[in-house]
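This is what each chain is made of:
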Amino acid sequence: MTAVVTRGRPSYAARVHAEQMAEEYPVLTMDSDALEAARLLAEHRLPGLLVTDQDGPRSILPASQVVRFLVPGYVQDDPSLARVLDESMADQVAKSLGGKSVGDLVTKEAPELAVVNADDTIIEVAAIMARLRCPLAAVMRDDHLLGVITASRLLQSALAAK
């Protein structure tokens with residue numbers, strides 16, 4: 001890192017690239033089991049999952065979408081009805097994911113997947129993620145998926161550069 005002094009305060013001019021921030025991340029297909037996807041999200045506290053097909057990254061399955069799927073539509077329309085659901089009802093709702101695929105959960109409202117190049121800078125990655133309101137960015141080199149950058153990883157890298 002190169003320190004640059006500006007008006008008595010050091011700032012750091014570092015070129016952090018997407019490839020440096022990319023991490024291994026769970027990847028699913030549209031045919032993957034929805035219940036397994038929910039378990040992955042819960043066990044690893046992930047903001048979402050990357051969904052791919054034979055051509056590469058295709059979509060994102062946000063954790064919020066899975067939570068939304070677990071709540072019956074009439075309760076989403078009137079959240080005050082949630083008080084009448086008991087814990088056994090919540091268990092039954094969770095079981096409703098059984099037999100469903102990730103493709104059943106990915107909706108048109110899902111955020112567009114941010115796809116960045118390995119040599120994109122941290123600012124370029126942040127701009128794309130912010131514009132798309134996407135908590136994940138797939139990092140690609142040519143047609144090869146290198147990894148994923150989460151919003152929290154991006155923030156960590158940005159704050160470490162200070």
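Participant: An account of the pattern of salt bridges is needed here, citing residue identities and associated values.
Facilitator: Summed over all chains, the structure comprises four salt bridges. Across the salt bridge formed by Arg141 and Glu19, the nearest N and O atoms sit 2.8 Å from each other. One end of the pair, Arg141, is in strand β7 (residues 136–141); the other, Glu19, is in helix α1 (residues 18–21), and 122 residues separate them in sequence. With its nearest N and O atoms 2.9 Å apart, the salt bridge here joins Arg39 to Glu36. Taken together, the residues span about one helical turn, with Arg39 and Glu36 both in helix α2 (residues 34–44) at a distance of three residues. By relative accessible area, Glu36 is classed as partly exposed at 45%.

Participant: Can you break down the environment of Leu50 residue by residue, with the values?
Facilitator: Residue position: Leu50 is located in strand β4 (residues 48–53). Owing to a relative accessible area of 1%, Leu50 belongs among the buried residues under this scheme. For Leu50 and Pro26, which are 24 residues apart along the polypeptide, the C-alpha to C-alpha distance reads 6.9 Å. What Leu50 contacts, discounting residues up to four positions off in sequence, is Tyr25, Pro26, Val27, Leu28, Pro57, Ser59, Leu113, Leu136, Ala138, Leu145 and Val148.

Conventions we followed
Residues numbered from 1 in each chain as written. Predicted model: local features only at pLDDT ≥ 70, side-chain atom pairs only at ≥ 80, totals over all residues. Heavy atoms only, no water. Salt bridge = Lys/Arg side-chain N within 4 Å of Asp/Glu carboxyl O. Helix = DSSP H or I, 4+ residues; strand = E, 2+ residues; numbered from the N terminus. Buried < 20%, exposed > 50% of the residue type's maximum accessible area, 1.4 Å probe, protein only. Contact = heavy atoms within 4.5 Å.

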